[in-house]
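A structural walkthrough
One-letter residues, chain by chain:
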2 protein chains.
Amino acid sequence: MTQVSREIRLAARPVGEPKPSDFELAEVEVGEPGPGEVLVKNTWMSVDPYMRGRMTDRPSYVPPFQIGQPMQGGAIGEVVASNAPELATGTSVQHMLGWREYAILPADGAIPVDTSAGPPQAFLGVLGMPGLTAYVGLLDKAELRDGDVVFVSGAAGAVGSLVGQIAKVRGHTVVGSAGSPGKVAFLKDELGFDAAFDYHDGSVYDQLRAAAPDGIDVYFDNVGGEHLEAAIAAMNPFGRIALCGAISQYNATEAPPGIRNLALAVGKRLTLRGFIVSDDAARMPDFLRDVGGWLREGKIHYRETVVEGIERAPEAFIGLLDGRNTGKMLVKLA
Amino acid sequence: MTQVSREIRLAARPVGEPKPSDFELAEVEVGEPGPGEVLVKNTWMSVDPYMRGRMTDRPSYVPPFQIGQPMQGGAIGEVVASNAPELATGTSVQHMLGWREYAILPADGAIPVDTSAGPPQAFLGVLGMPGLTAYVGLLDKAELRDGDVVFVSGAAGAVGSLVGQIAKVRGHTVVGSAGSPGKVAFLKDELGFDAAFDYHDGSVYDQLRAAAPDGIDVYFDNVGGEHLEAAIAAMNPFGRIALCGAISQYNATEAPPGIRNLALAVGKRLTLRGFIVSDDAARMPDFLRDVGGWLREGKIHYRETVVEGIERAPEAFIGLLDGRNTGKMLVKLA
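What counts as what
- Residues numbered from 1 in each chain as written.
- Chains lettered and ligands numbered in written order.
- Predicted model: local features only at pLDDT ≥ 70, side-chain atom pairs only at ≥ 80, totals over all residues.
- Heavy atoms only, no water.
- Phe/Tyr/Trp six-rings, centres within 6.5 Å; stacked < 30°, edge-to-face > 60°.
- Helix = DSSP H or I, 4+ residues; strand = E, 2+ residues; numbered from the N terminus.
- Buried < 20%, exposed > 50% of the residue type's maximum accessible area, 1.4 Å probe, protein only.
- Lys NZ or Arg CZ within 6 Å of the ring centre and 35° of its normal.
- Contact = heavy atoms within 4.5 Å.
- Buried area = accessible area lost by both parts, 1.4 Å probe.
- Salt bridge = Lys/Arg side-chain N within 4 Å of Asp/Glu carboxyl O.
- Lys, Arg positive; Asp, Glu negative; His and termini not counted.

Residues and elements named next belong to chain A. Enumeration over the complete set of coordinates arrives at 14 aromatic pairs over all chains. Summarising the aromatic geometry, the rings of Phe23 and Phe317 are spaced 6.3 Å apart at their centres and angled 75° between planes, so their arrangement reads as edge-to-face. Here Phe317 lies in helix H9 (residues 313–321) and Phe23 lies in strand S2 (residues 23–30), a separation of 294 residues in the sequence. The exposure classification of Phe23 matches that of Phe317, with both residues buried. Cluster of aromatic residues (ring-pair linked, three or more members): Phe23, Trp99 and Phe317. One cation-aromatic arrangement involves Lys332 over Trp44; the distance from NZ or CZ to the ring centre is 5.5 Å.

If you trace the backbone, Tyr61(A) turns up in the loop between helix H1 (51–54) and strand S4 (75–82). On a C-alpha basis, the gap between Tyr61(A) and Asp48(A) in space is 15 Å, while along the polypeptide they are 13 residues apart. Discounting chain neighbours no more than four positions away, the residues touching Tyr61(A) are Tyr50(A), Ile276(A), Gly267(B) and Arg269(B).

If you look at the interface, chain A gives 27 residues, while chain B gives 27 residues. Buried area between chain A and chain B, both sides added, is near 2100 Å², and the carbon and sulfur share of it is 62%. Considering only the surface of chain A that becomes buried against chain B, Leu262(A), Val266(A) and Arg269(A) emerge as the three largest contributors, covering 25% of it. Where chain A meets chain B, there are 2 salt bridges.

A few words on unusual backbone geometry. Positive phi, normally seen in glycine, also occurs at Arg269(A), with a value near 55°. With a relative accessible area of 15%, Arg269(A) lands in the buried category. One non-glycine residue with positive phi stands out, namely Phe238(B), at about 65°. Counting through the fold element by element, Phe238(B) comes out in strand S12 (residues 235–243). According to the relative accessible area criterion, Phe238(B) is partly exposed, its value standing at 41%.

All right, on to the side chain of Asp198(A) then. Residues and elements named next belong to chain A. In this structure, Asp198 sits in strand S10 (residues 195–198). For the buried Asp198, which has no salt bridge, the nearest side chain bearing the opposite charge is Lys183, at an N-O separation of 8.7 Å. If near-sequence neighbours (up to four positions away) are discounted, Asp198 is found in contact with Ala178, Gly179, Ser180, Pro181, Val184 and Gln207.

Here you go:
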């Protein structure tokens, strides 16, 4: 039996914002799984900001995508054929061969998901890599301490929305920034942020000062640029910054203007720490216990922005980089 | 008995590089020490880069100097009159009322120095605040680990020269940058640095890459600006940066251009940590044991650049900011 599968390939390396023509939809025939392999029918796939880096040909912590080859990323699917005794047909699994409808992969690259904890696609968001990113970034990298005032940018996204909620569960004052009035309302009304602002409404510096007049102690940076400068300026002594991403710069075609006030980190005794969640897989059990528990108890909430069909995955990704999602951006495949 | 004492006062807040006219030499009459006080005849005083910040009227971790008032800073002196039973006449002490020939101060603000460990003025340099800065910055803030390649800027200065030597004692490869051929020779020939370069000789990025082709793991930043950007670019994954100062910017009259590549800290998982040595006084005993021991064993060396006379203290300070010292810049007063 051969299975026809559609997949998205990298057609051209984007210059600036990715365009639909940078992607190519192709059909391939997928055969039978070899020994130790499974055939997975993908039901959901993830688009994440870090993928923009993989579209550019430069050394990084993950190798770049190759032109003419299918893209990759987190996906959820169901095992539809198995040649590995440990993984039965019908199992819901998560794996890294997204951007395609069907995938053949080694059984040990397909991790069963516990669908009693949440719907399968939650393992691409609040219970998956973005959730773990929020958890380790806030607790370990930013070393959240009692009484800290927390600021998070990209706060309505998959990572940011959980950062703020974890801090709220722990009793902190939380300020978030986001890119639309609707997102700001979501943060304040649904997620319980103490303050939130739309960064289009004026300088981040002024809005952050107004939202946190006594300063901030932790900044979780998803954005970089002006947000990072404003956070450094607003930081109290001994503050900590988790450097998670700089989405404001991912599509930049010229060198961004730079962080002009980093020297303040000396007198303020600030710590800035960059991190990549894959280094912290060991924290997954703690994360699933804590965040899974808060989710069951109704203490945290999440939203999804869903685009349907593999052919629309590029649109979902372009929209993600443009901030057109609230909560986790997902592509539903089946 | 009244004692005539000359002192240096802040005459005007400098714009850019301090000028001699920003300082004023004045004579005052110093009376007898009150109960619990001592009269100290200063023999040495320190000029340090951080004092530039205190000449500007802005909030910081130490209050600004006041116009018309004497400046302050580390000094060594001898108790010449005591009204405090615990501090006898003739004791060598260190204290914070420099920039003057005589000082009256509470006995608990004058700390006896152990002149068996080194000459008194060493407690303003290698055995004092600059030395402790190097020690805690390298070991605690940059978390020096086995095998780390260490880069230090301002490497011929009081702090930088000790940073490099501590790293050498611990068996590390050390690269330093400094501002003259003589300083570079000092680093390589006298202090045993593995590589050193004059930052005037070309881009810091290119020279650092040539000196450390396999990258660096620790950067001790005394300079900021271009050096910090080059270090971020040269950092290996999980590298650490101790942010000690930004002397390249202290005299800046416009906003410096900013650090354009800080977003690299995410993928490289870098930690940048600002610090102020006064937070780490608890490390003084460890520091004196280790660095005092290495000094006695001849494993570390230090140099002084000495200017004589209180009237030349402004010249010494201006020269320090201009890099005209090798090792610790001191003013000899008596």
